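Reading the structure
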Amino acid sequence: MNHPTTGPAGPTGPLAALPAGTRLLHIGPHKTGTTAIQGALFAAKDKLPEHGVEFPAATRHPMEAALAACARPAMMGDTAPTEKHWTRLLKEVEATGTRTSVISSEFFADAPDDETVTRIVEQLGGERVHVLVTLRPLARIMPSQWQQYVQNGLRMGYEDWLDHMLRKAPYGKPNPSFWRRHRHDRLVERWSRAVGADRITVVVVDDRDRDGLMRTFEALLGLPGKLLQPVPDTANRSLTLAETEMLRNLNVEFRGNGLPDELYSKLVRNGAVIHMKNSCNPTAADVKISTPAWAVEAAGRIGAEMVERIGAMGVRVVGDPALLCTLPAIPAQPGPPAAEARIAPEVAAQALYGALAAAAAAPVRHTAEAKSRTVHQTSSKELMRVLGHRCLKKLRRR
């Protein structure tokens, strides 16, 4: 049974719990606290039922199911999701019966059109679905989203990327998903057409209140206060400027040498990058990704437009919408340009070890040609090609 809680306030007073039996669909978008709330919900999975709530997904984040539902491709080099991933999640949701359930994936924000959104809502329960959208200021999202795109193979530097996203219409290259996710007024409007304004809640995330999002979910789900707790996740931390630039330059070499995407997934994203994140914690001396003033101002103007449009839609807004168009302070002395970013030797070593460990996990037989020459007699380009070929053969056999 749902229990009333005291917690965040809505526009008309304390935030009331959603009706019992609601299927709360959290669609993100990306970089708005999704990983934190998914980790907290999954950690509390066994405690939720005693309060009338179910977390039906079998993993912290049902990414493959969301990608399949939205007919979106997988991350670069990963196995493409299939309809079975989405069907499995639907069966898990259906098994919750008349109880309240919560599903969370930022990849639902990638749904390309009204038809897809409507189908997702109908398959999840139609009128039982309540959509939750979490929002942060665009100026804070942009650097995080850029480095995430770099982790998926992007080769473009930050300022060039900002130029394309903010100055070069139709703003679709190199990442058309950015504005599908982060033109937040259109995102809310798209889902509102499927469920109605009365079944949309927009939560403005306040970065100054680290536990605010947890308390909001507790209130909406009728959970006791403090039940949801943050779960440390070093693998989700953002990269520093130097780390991102190292990876971006690797992406240039990777694409330039025509290596297979499967190799990138195994050795780079799920090898070098993951190990580097888990082993190296950024310090105060590490340079963060700095957004130039012109881009911050442009993001603020777009944020103001989005706030005005969302306010006119009649959806429930929790938190202060003004935060979405407030310009963050621009450092008086911004960090060095990308060309001057230098990665610490120990960080580079951990990244390299991560790639080697991933390669070692998939041993393959040596070819006769490789056996006939020493490593020093073989060019680095050819070595990478041989390694890529070996890993790809192993992946295909699996």
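Predicted model only: the values in this text are computed from it and were never measured. (Residues numbered from 1 in each chain as written. Predicted model: local features only at pLDDT ≥ 70, side-chain atom pairs only at ≥ 80, totals over all residues. Heavy atoms only, no water.)

**A closer look at unusual backbone geometry**
Keep this limit in mind: Put simply, DSSP marks the helices as runs of H or I at least four residues long and the strands as runs of E at least two long, and each gets a number from the N terminus on. Residue burial is assigned from relative accessible area. The probe radius is 1.4 Å, only protein chains are included, and a residue is buried under 20% of its type maximum, exposed over 50%, and partly exposed in between.
Residue Pro 29 follows Gly 28 across a cis peptide bond; omega there is 10°. Counting through the fold element by element, Pro 29 comes out in the loop between β3 (23–26) and α1 (34–43). Lys 173 connects to Pro 174 through a cis peptide bond whose omega is 5°. On the secondary structure map, Pro 174 appears in the loop between α6 (158–166) and α7 (177–182). Phi at Lys 31 is positive, roughly 65°, even though this residue is not glycine. Residue Lys 31 is classed as buried on the basis of its relative accessible area, which comes to 18%. Of note in the backbone geometry, Lys 226 takes a positive phi value of approximately 75° without being a glycine. One can find Lys 226 in the loop between α9 (212–221) and α10 (241–256). You can call Lys 226 exposed: its relative accessible area is 55%.

**Topic: the side chain of Asp 110**
Selection rule: In the analysis that follows, any N or O atom pair within 3.5 Å is treated as a polar contact, provided that within protein one partner can donate a hydrogen and the other can accept it, and provided that, for residues neighboring in sequence, both atoms belong to side chains. Any two residues whose heavy atoms approach within 4.5 Å are treated as being in contact.
Structurally, the position occupied by Asp 110 is in the loop between β5 (100–104) and α4 (114–124). Among the residues examined, Asp 110 registers a relative accessible area of 3% and is labelled buried. A polar side-chain atom of Asp 110 sits 2.7 Å from a polar atom in the side chain of Arg 181. Residue contacts for Asp 110: discarding those within four places in its chain leaves His 30, Cys 70, Arg 72, Ser 177, Arg 180 and Arg 181.

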